Amino acid sequence: MSSISSVESTLSRIVSHSGVRGVLILTLSGSCVRSSLPPDLTAQYSALVSELAAKAASVTRTLDATDEMTFLRVRSRQHEIMVAPDKEFLLVVIQDPEQGKEM
């Protein structure tokens, strides 16, 4: 039970960072285990990011069969999506890339 509280504590800490808009924990197939986003955005990000992560992992293995994807970062003007894959899950953090920038 302490591992669950540890996960919850870690998620709370990530969400509290300036600029973080949401955190998701997904299975490799795209099912959401935990999310700090509203249900509609959770469904959208779960489906799209899990597909993108699977494709990026496939490209990495295709280029070098001995290699594996360790982190994926996609940045646009409005969002930055960071994906940290594990053997069973994907940790997804969505943040505002402009947050904390000096003007």
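Bear in mind that the values here come from a model prediction, so they are computed numbers and not experimental data.

A. Examining the pattern of salt bridges more closely. Tallying each qualifying case throughout the model produces 3 salt bridges. For Glu8, the salt bridge identified is with Arg34, shortest N-O distance 2.3 Å. Here Arg34 lies in strand S2 (residues 32-35) and Glu8 lies in helix H1 (residues 2-15), a separation of 26 residues in the sequence. Of the residues examined, Glu8 reaches a relative accessible area of 31% and is grouped as partly exposed. A relative accessible area of 36% places Arg34 in the partly exposed class. A salt bridge links Arg21 to Asp96; the shortest N-O distance between them is 3.6 Å. With Arg21 in strand S1 (residues 20-27) and Asp96 in the segment after strand S5 (89-95), this pair connects stretches of sequence that are 75 residues apart. Accessibility expressed as a relative area gives 43% for Arg21, which makes it partly exposed.

B. A look at the layout of surface pockets. For the largest pocket, the calculated volume is near 340 Å³. If you trace the largest pocket, you find it lined by Leu28, Ser50, Ala53, Ala54, Ala57, Arg61, Glu68, Met69, Pro85, Asp86, Lys87 and Leu90. It is helix H2 (residues 39-63) that provides the largest number of residues to the lining of the largest pocket, a total of 5 residues. Tallied by class, the residues present in the lining of the largest pocket amount to 7 nonpolar, 1 polar and 4 charged. Of the pockets and cavities examined, the second largest pocket occupies roughly 260 Å³. Counting residues per element, the ones that place at least two in the lining of the second largest pocket are H1, S2 and S5. A total of 5 residues in the lining of the second largest pocket trace back to one element, the largest contributor, which is H1. By residue class, the composition of the lining of the second largest pocket is 9 nonpolar, 1 polar and 3 charged.

C. Focus on the pairing of S1. Counted residue by residue, S1 has 6 buried out of 8 residues, so it is predominantly covered. Sheet analysis places S1 next to S2, joined by 3 bridges and oriented antiparallel. Considered in S2, the bridge of Ile25 is made with Arg34. Here S1 folds back onto S2 in antiparallel fashion, the turn holding 4 residues, of which Gly30 has a positive phi close to 100°.

Rules and cut-offs
- Residues numbered from 1 in each chain as written.
- Predicted model: local features only at pLDDT ≥ 70, side-chain atom pairs only at ≥ 80, totals over all residues.
- Heavy atoms only, no water.
- Salt bridge = Lys/Arg side-chain N within 4 Å of Asp/Glu carboxyl O.
- Helix = DSSP H or I, 4+ residues; strand = E, 2+ residues; numbered from the N terminus.
- Buried < 20%, exposed > 50% of the residue type's maximum accessible area, 1.4 Å probe, protein only.
- 1 Å grid on protein atoms, 1.4 Å probe; cavity = no way out; pocket = protein on both sides within 12 Å on 5 of 7 lines; lining within 4 Å.
- Points joined across faces, edges and corners; volume = space filled by probe spheres on them.
- Nonpolar A, V, L, I, M, F, W, Y, C, P; charged D, E, K, R; others polar.
- Pairing = 2+ DSSP bridges.

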